[in-house]
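Residues per chain, in single letters:
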Amino acid sequence: MLKRTFLAATGLALGLTMVTGAFAADPLKIVYIGKNTGNPYFDSITGGFEDACKSLGCEFQFVAPATAEATSQIPFIEAQIQRGVNVIAIAPNSPDALNQVLDSAKAKGILVLTVNGDLVGNEGHRDATILPVDFTKTGPNQVELMGSLIGYKGEIAILSATTEAPDQNTWIAAMNKTLVEDAKYKDMKLVATVYGDDQPEKSTTEMEALLSNFPNLVGVIAPTTVGVAAAAQVVQSRGIADKVHVTGLGLPSEMRDFVKDGTVTAFQLWSPYNEGWLAAHFAVGVIGGTIKNEVGSTFEVPTLGTIKIEEKNAMNTQAELTTFDASNIDNFNF
Amino acid sequence: MSFLATLFRRREAGIAVMIVLFCLAVGIAKPQFLTLDQMRIILLLTPLIMIGAMGQMMVIVARHVDLSIGSTLGVSAMVSGMLYRFDATWLGFDVPWWTGIPLSIVVGALLGLANGVLIQLFRLPAIIVTLGTLSLYRGLTFIISNAKQIDRQWIPSELKGLSQTSPILGIPWIIFIAFGIAILTYVFLMHTRLGRQVYAIGSNPVAAPLRGINVTQVTLLVFTLSGALAGLAGILYASRWGFVNPSNTGSGFEFQVIAAVVIGGVSINGGVGTVLGTVLGVLLLGCVAAALPLLGIPGTSQAAIYGAVILIALLIDRTVRQQGIASLRRARA
Amino acid sequence: MSAIETQPAVQDAAPARPRWQVLLVRPETMTFVLLVLGIFAGGLLSPFFLDINYILKSFTLYAEFAIVALVLTMVIIGGEIDLSPAANMALSACIFAWLQQAGVPIPVAVLIGLASGLVMGTINGLMVIGLQLPSIIVTIGTLTLYRGLAQIIAGDKSIRVPEWFIGVDRIMVAGIPLPVVIFIALAIGLGVVLGGTIFGRQIYQIGTNEVAARHAGIRSARIKFGLFLLVGIVASIAGIMTASRLGSVRYDLGLGGELQMVLMAMLGGTYIFGGRGTILGTFLAAWLLVIVSTGMIVANVLPAVQLVVLGSLLIVSIIATNFIYSRTQR
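Residues numbered from 1 in each chain as written. Chains lettered and ligands numbered in written order. Predicted model: local features only at pLDDT ≥ 70, side-chain atom pairs only at ≥ 80, totals over all residues. Heavy atoms only, no water.

## Looking at unusual backbone geometry
Next, step 1: Residues other than glycine seldom take positive phi values, yet A:Asn313 does so here, at roughly 55 degrees.
Next, step 2: Position of A:Asn313 relative to the elements: it lies in the loop between strand 12 (305–308) and strand 13 (314–318).
Next, step 3: For B:Arg63, which is not glycine, the phi torsion reads 65 degrees and is therefore positive.
Next, step 4: Turning to its location among the elements, B:Arg63 is positioned in the loop between helix 4 (47–61) and helix 5 (69–85). (Helix = DSSP H or I, 4+ residues; strand = E, 2+ residues; numbered from the N terminus.)

Spelled out as structure tokens, the structure:
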């Protein structure tokens with residue numbers, strides 16, 4: 001492993017030392033910094049980057065710290081600046097602790113993209129963001145899926161990630177709003193929102209507590225991959241799948257067994273692969289001058305069609321969430 | 001001295017009383033806490049910690065400490081997970097589902113033995129060696145797995161069944177395994193020569209070799225056992241949670257286990273500690289963990305509560321010890 | 001262990017060794033050699049590594065831990081350990097950030113943050129020295145408690161600090177970032193105190209044999225309490241420096257930092273059971289750690305390999321330290 005990296009590094013170095021002014025001749029170097037290593041979600045995003053770079057002729061590398069705490073990505077960003085990459089794409093571990101180091105990357109002329117997570121409230125410290133869907137859709141989509149599973153009637157609860165997780169909180173607010181405002185859901189009652197901190201142990205105990213505290217519960221929405229798997233496992237081991245319906249946002253690879261044995265009827269997500277695919281195409285286009293990174297401009301991406309740059313330089317890979325159930329889950333391998 | 005006074009000087013009685021009072025207090029606020037169903041939940045929270053705590057207890061009684069067990073758990077679970085993911089059809093037969101159990105135990109035992117060798121043969125402090133192997137073994141987990149998670153679909157359903165199906169009374173296998181390990185540990189420590197020697201080297205490491213105890217052999221044994229039990233906890237992690245992740249699996253396990261052991265009255269100065277105390281320590285942690293979400297206490301306060309529980313246990317331990325010394329003095333006078 | 005815990009200084013009857021030999025068998029020499037090797041290896045691994053500005057900049061990411069490690073070295077030499085300073089950093093930073101967000105003027109918030117560090121040091125000191133509890137378990141407990149309290153105060157939200165307060169690492173003193181300057185200055189100061197004053201020698205004596213030290217009239221309880229207070233206050237300074245470097249504070253600030261700090265002290269040849277070690281050793285070890293971590297990160301080496309290398313370094317360094325000390329005993 002070490003040897004291979006070493007060879008790669010020297011090879012790269014030879015390439016770099018010769019050029020400093022002639023960027024055009026040199027392949028574009030893109031790095032994606034994940035939240036942490038060993039997170040299956042990022043394997044799929046990385047796959048999108050790799051395939052795009054194969055067809056576009058850029059160099060791609062994935063790096064990530066061992067843990068996902070707020071500051072663990074900083075040395076990695078510093079190192080990539082030092083390496084002289086052209087594009088830093090990152091799934092930020094903190095909405096604001098990276099501001100300074102990302103600014104110094106931008107000052108060096110590096111294109112800074114956030115992929116699959118944004119610097120909420122600090123958008124000025126990156127150039128653009130690539131998100132899987134318009135996150136205002138997530139809440140209503142999930143409520144509709146839950147409603148269809150329980151016949152639009154009964155007590156439901158939400159099992160989320162951490163209390164301050166910005167994405168989840170946006171979605172939960174939208175779910176609440178949808179439940180209150182849309183008459184279609186007037187018989188569905190949200191009785192509790194609990195937080196499993198994206199840890200399997202904690203999510204499991206929270207799920208068990210939900211079932212004890214609310215014996216009439218008919219459904220649980222878990223808009224986080226760890227939470228939905230933990231909730232499904234509790235339901236599976238208690239054998240109450242016909243009484244309590246679990247849905248949420250999950251990875252097909254983690255949920256496949258639950259769908260096959262009937263514990264979970266359906267759940268949703270987007271394609272992480274397409275995020276990487278879009279990010280690479282966007283980066284190459286912007287640096288090559290074929291895409292203008294301005295709100296309102298549009299460009300074409302193979303297989304995704306026309307992409308429009310929305311407010312705050314945000315792009316989405318798909319309009320609505322993908323729903324996975326027994327009929328289609330085998331078509332997805334991430 | 002009256003029977004009652006002796007009973008209350010016993011550490012185990014103190015923890016048992018704490019557990020009862022705690023459960024009653026929670027039960028008053030939330031009656032559903034005092035149900036059989038809730039007991040099942042509490043029990044299901046504890047088996048991994050209990051198995052790890054048995055190993056850690058032996059190590060601490062021998063006046064060492066093993067900080068690496070979380071990473072040992074990770075490596076052993078990962079090795080078995082990779083075996084399950086490995087396509088062995090060309091071998092001509094399927095790998096039976098239970099292969100992971102001995103495999104993980106052996107891997108864990110080897111890693112534990114490595115700790116023991118470094119500590120005993122190089123005469124190094126256990127806390128630093130295992131701090132080093134905590135990091136080293138975690139790195140190993142990433143390297144052997146190429147930083148890829150073993151997903152649910154690869155873990156055999158029979159293995160997952162150990163945490164879900166029950167031989168009797170609706171109590172899953174995994175809980176019987178944990179209590180079985182506790183009983184075996186009790187028999188080993190109380191009724192075998194080697195077991196007594198663990199206490200001997202812990203209470204007085206200088207005197208032990210003079211009494212003909214092979215300190216090297218006993219030390220290597222406790223670290224190997226601690227590793228093997230962490231390995232067993234590793235395969236049961238795969239059973240309980242249905243996946244093995246290179247970074248999450250077992251991380252922080254050492255803190256939970258040490259907390260349980262210390263609360264259970266095992267003295268960090270070696271030579272003192274019982275299986276019963278440790279079991280009660282584990283159960284108390286389980287009760288706290290199950291009660292917090294029921295009471296609606298946010299996860300953010302959990303760490304502070306754990307910290308406070310450890311410090312309170314230390315204070316109680318000290319008070320009990322001082323009373324013991326005082327009563328000894330009185331008896332002598 | 002008692003046999004090898006006698007001070008070399010006591011054996012004044014033995015003939016003096018040649019100076020080069022004395023230097024060669026010091027554990028700091030090993031750290032220094034590893035440091036030189038690390039720089040070479042880093043240069044070989046990546047052509048982007050050998051850039052003094054980059055290395056200095058990277059050092060600022062570890063400077064807060066390194067500063068605390070210097071004081072921690074003195075605690076370990078005194079025969080105790082403190083695993084709570086990283087949690088202390090987080091809690092004092094959270095208290096500071098929370099107060100300034102609530103409208104308390106920054107200087108007052110800083111003072112309260114520092115005071116909280118002092119309180120945390122006092123709690124550790126009271127439990128370890130006042131109640132005679134083992135420091136390793138006490139500080140594992142307070143480590144969990146302090147970080148838990150930080151989590152209660154800040155939730156898992158991050159709290160911004162005002163723009164003008166951000167960037168202690170951007171202030172340059174003669175081309176060197178301020179945190180690095182503070183680290184160097186503190187290392188010189190503590191090095192003089194530990195190596196050249198009676199107070200410093202007393203710390204070594206306490207760590208070597210506390211009972212004997214007390215019989216010799218050294219106020220060991222007072223000195224050890226003072227050291228815990230010092231760690232407390234320095235950790236809170238480090239916490240507020242981190243807040244200024246990051247521009248925001250979250251409860252997980254400095255998570256796992258206790259390992260880095262202990263690693264720095266051990267790599268520098270400090271003996272875990274007390275009585276031995278130098279500030280110079282920790283000073284060199286801090287650079288070694290930064291060189292090794294940065295060298296691997298800039299070469300895109302898997303973080304897993306970094307974990308293995310750091311773990312092995314720790315074990316190798318204590319084997320070497322033990323070996324050196326047992327040699328010098330003869």
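That shown, we press on.
## Remarks on the UniProt feature "domain: Periplasmic binding protein" (unreviewed entry) in chain A
Next, step 1: The sites that carry the UniProt feature "domain: Periplasmic binding protein" (unreviewed entry) are, in the present numbering, residues 30–289 of chain A.
Next, step 2: Strand forms 20% of residues 30–289 of chain A and helix 46%; the C-alpha atoms that close the span are 16 Å apart. (UniProt positions renumbered as here; feature names shortened; annotations may be inferred.)

## Digging into the interface of chain B and chain A
Next, step 1: Opposite the 30 residues of chain B that make contact, chain A presents 28 residues.
Next, step 2: Of the roughly 2600 Å² buried where chain B meets chain A, counting both sides, 48% is carbon and sulfur surface.
Next, step 3: Scanning the region where chain B abuts chain A turns up two salt bridges.
Next, step 4: Note that A:Asp43 is salt-bridged to B:Lys148, the shortest N-O span being 3.9 Å.
Next, step 5: At the boundary of chain B with chain A, the tally comes to 11 residue pairs in polar contact (both at pLDDT 80 or more).
Next, step 6: If you list the elements that add at least two residues to the side of chain B that touches chain A, you get helix 3 (36–45), helix 12 (215–241) and helix 14 (275–294) of chain B. (Contact = heavy atoms within 4.5 Å. Buried area = accessible area lost by both parts, 1.4 Å probe. Salt bridge = Lys/Arg side-chain N within 4 Å of Asp/Glu carboxyl O. Polar contact = N/O pair within 3.5 Å; in protein donor to acceptor, adjacent residues only side chain to side chain.)

## Focus: the environment of B:Pro205
Next, step 1: Tracing the backbone through its elements, the reader meets B:Pro205 in the loop between helix 10 (193–203) and helix 11 (207–210).
Next, step 2: Between the C-alpha atoms of B:Pro205 and B:Ser76, which are 129 residues apart in sequence, the distance is 31 Å.

## Re the sheet that holds strand 1 (residues 29–33) of chain A
Residues and elements named next belong to chain A.
Next, step 1: Taken together, the six strands give an open sheet; going across it, the order is 2-1-3-4-5-13, and neighbouring strands pair in parallel fashion. Single-partner strands in this sheet number two, and they are strand 2 (59–63) and strand 13. Looking at each pair of strands side by side, their axes are set apart by 20 degrees on average, direction ignored.
Next, step 2: For strand 1 and strand 3 (residues 87–90), the ladder comprises four bridges, and the chain directions are parallel. Pairing of Val31 across the sheet is with Ile88, part of strand 3. (Pairing = 2+ DSSP bridges. Axes fitted to C-alpha atoms, helices over the stretch in contact; angles between N-to-C directions.)

## Re the packing of aromatic side chains
To describe a pair of aromatic rings, you give the distance between the ring centres and the angle between the ring planes.
Next, step 1: According to the stated counting rule, one finds 22 aromatic pairs over all chains in the structure shown.
Next, step 2: Taking the centre distance of 5.0 Å and the plane angle of 90 degrees together, the rings of A:Phe135 and A:Trp171 count as edge-to-face. Linking A:Phe135 in the loop between strand 5 (128–133) and helix 5 (138–150) with A:Trp171 in helix 6 (residues 166–181), this pair joins segments that are 36 residues apart in sequence. Summarising the burial analysis for this pair, A:Phe135 and A:Trp171 share the class buried.
Next, step 3: Geometrically, the ring pair formed by B:Tyr237 and B:Phe243 is edge-to-face, given 6.0 Å between the ring centres and 80 degrees between the ring planes.
Next, step 4: Looking at B:Tyr237, the relative accessible area reads 2%, which means it is buried.
Next, step 5: Ring pairs connect the aromatic residues A:Tyr32, A:Tyr41, A:Phe42, A:Phe49, A:Phe60 and A:Phe62, which therefore count as one cluster.
Next, step 6: The aromatic ring of B:Tyr199 is capped on one face by B:Arg196, whose charged end is 4.9 Å from the ring centroid.
Next, step 7: When the ring centre of C:Tyr271 is taken as origin, the NZ or CZ atom of C:Arg276, which lies over that ring, is 5.5 Å away. (Phe/Tyr/Trp six-rings, centres within 6.5 Å; stacked < 30°, edge-to-face > 60°. Buried < 20%, exposed > 50% of the residue type's maximum accessible area, 1.4 Å probe, protein only. Lys NZ or Arg CZ within 6 Å of the ring centre and 35° of its normal.)

## Here we look at the interface of chain B and chain C
Next, step 1: Opposite the 36 residues of chain B that make contact, chain C presents 37 residues.
Next, step 2: Summing both partners gives a buried area of about 3200 Å² for chain B against chain C, and 86% of it is carried by carbon and sulfur.
Next, step 3: Our count for the contact surface shared by chain B and chain C stands at zero salt bridges.
Next, step 4: Summed over the shared surface of chain B and chain C, the result is one residue pair in polar contact (both at pLDDT 80 or more).
Next, step 5: Where the side of chain B that touches chain C is concerned, the elements lending two or more residues are helix 7 (126–145), helix 13 (253–263) and helix 15 (302–332) of chain B.
Next, step 6: Looking at the side of chain B that touches chain C element by element, the count peaks at 14 residues for helix 7 of chain B.
Next, step 7: Residue composition of the side of chain B that touches chain C, by class: 25 nonpolar, seven polar and four charged. (Nonpolar A, V, L, I, M, F, W, Y, C, P; charged D, E, K, R; others polar.)

## A look at the environment of A:Glu78
Next, step 1: Mapped onto the elements of the fold, A:Glu78 is located in helix 3 (residues 74–83).
Next, step 2: Taking the relative accessible area as the measure of exposure, A:Glu78 reaches 9% and is therefore buried.
Next, step 3: A:Glu78 has contacts with A:Val101, C:Tyr54, C:Lys57 and C:Leu61, leaving out every residue within four places of it along the chain.

## Focus: the sheet that holds strand 9 (residues 245–248) of chain A
Residue and element names in this part refer to chain A.
Next, step 1: Spatially, the four strands line up as an open sheet ordered 7-6-8-9, and their pairing is parallel. In this open sheet, the two strands that pair with only one neighbour each are strand 7 (188–195) and strand 9. The sheet shows a mean angle of 25 degrees between the axes of neighbouring strands, direction not considered.
Next, step 2: Sheet analysis places strand 6 (residues 154–160) next to strand 8 (residues 217–222), joined by four bridges and oriented parallel. Its bridge partner lying in strand 8, Glu155 is registered against Leu217.
Next, step 3: Strands in contact with helix 8 (residues 225–238) are strand 6, strand 8 and strand 9; relative to strand 9, the strand with the most contacts, it is inclined by about 170 degrees.

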